[in-house]
Amino acid sequence: VRLVESGGGLVQAGGSLRLSCAASGFTFSRYDMSWHRQAPGKERELVARITGAGGMINYADSTKGRFTISRDNAKNTVYLQMNSLKSEDTAVYYCNARWELISSIYWGQGTQVTVSS
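Structural notes, computed from the coordinates. (Residues numbered from 1 in each chain as written. Predicted model: local features only at pLDDT ≥ 70, side-chain atom pairs only at ≥ 80, totals over all residues. Heavy atoms only, no water.)

**Thoughts on the packing of aromatic side chains**
Where we set the bar: Two aromatic rings, drawn from Phe, Tyr or Trp (for Trp, its six-membered ring), form a pair once their centres lie within 6.5 Å of each other, and the interplanar angle then sorts them: stacked below 30 degrees, edge-to-face above 60, tilted otherwise. Here a helix means four or more residues in a row that DSSP labels H or I, a strand means two or more in a row labelled E, and each is numbered from the N terminus. Charges are assigned to positions over rings by a cutoff of 6 Å between ring centre and Lys NZ or Arg CZ, combined with an angular limit of 35 degrees from the ring normal.
Under the definition given, this model contains six aromatic pairs. An angle of 40 degrees between the planes, with centres 5.1 Å apart, marks the rings of F26 and Y106 as tilted. Of this pair, F26 sits in the loop between β3 (17-24) and β4 (32-38) while Y106 sits in strand β10 (residues 104-107), and the two are 80 residues apart along the sequence. Linked through ring pairs, F26, F28, Y31, W99 and Y106 together constitute an aromatic cluster. The side chain of R71 reaches across the aromatic face of F28, ending 4.4 Å from its centre.

Right, here's the structure in full:
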């Protein structure tokens, strides 16, 4: 099983980044996918989640209207489009796969996003 994030980097406040998470080794379409982030000295928090078929999406209040999560089940990939980035968005962003029915959870290794003010 692998979850490989990419697309992180350094961006100025107000800019945009698109994160990708490529999955392999499990039945991607059966899993809810989510993005989480962890800033230095803080707990990991949910950023956005999308169900297996993409029918339900939810966002953290801090990212609503700025971030968009999407998935392509044909490519086994989930995306996070981040617009209007703020310095407080600086964190390591992690991809998560979860199939609650069988208590199966996978995490990626994380990608750093740094927003300069």
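**Re the nonpolar core**
This is how the line gets drawn: Nonpolar cores were defined as sets of buried Ala, Val, Leu, Ile, Met, Phe, Trp, Tyr and Cys residues, with membership established by side-chain atoms within 4.5 Å. Remark: exposure states derive from per-residue accessible area (1.4 Å probe, protein chains only) relative to the maximum for the residue type, with buried under 20%, exposed over 50%, and partly exposed in between. The contact criterion used is simple: two residues touch if any of their non-hydrogen atoms lie within 4.5 Å.
Of all hydrophobic cores here, the largest spans 27 residues; its most connected members are L3, M33, W35, V78, L80, M82 and Y93. Within the residue set of this core, elements represented by two or more residues are β3, β4, β5 (45-50), β7 (67-72), β8 (77-82), β9 (91-99) and β11 (111-116). Leaving out residues up to four positions away in the same chain, M82 has contacts with G15, S16, L17, L19, R66, F67, Y93 and V113.

**Notes on the pairing of β11**
Convention followed: In short, DSSP must find at least two bridges between two strands for them to pair.
Residues T111, V113 and V115 line the buried face of β11, whereas the alternating positions Q112, T114 and S116 sit on a face that is not buried. Across four bridges, strand β2 (residues 9-12) lies against β11 in parallel orientation. The residue of β11 that forms the bridge with L10 is T114. Strand direction decides the pairing type here: β9 and β11, joined by three bridges, are antiparallel. Paired with Y93 across the bridge in β11 is T111.

**Description of the side chain of T77**
This is how it is decided: In protein, a polar contact means a hydrogen-donor-capable atom and an acceptor-capable atom, both N or O and within 3.5 Å, with residues adjacent in sequence counting only if both atoms are side-chain atoms; elsewhere, any N or O pair within 3.5 Å suffices.
Structurally, T77 is set in strand β8. Polar side-chain contacts of T77 include one of 2.8 Å to the backbone oxygen of K75. Setting aside its immediate chain neighbours within four residues, T77 contacts S20, C21, A22, F28, S70, R71 and D72.

**Here's the deal with the state of the cysteines**
Definition in use: In plain terms, two cysteine sulfur atoms within 2.5 Å form what is called a disulfide here.
Using the criterion set out here, one finds one disulfide in the structure. Between the sulfur atoms of C21 and its disulfide partner C95 the distance amounts to 2.1 Å. The disulfide joining C21 to C95 has a torsion of about -85 degrees about its S-S bond and is therefore left-handed. Of the two residues, C21 is situated in strand β3 and C95 in strand β9; the sequence distance between them amounts to 74 residues. For the residue pair C21 and C95, the accessibility class agrees, reading buried in each case.

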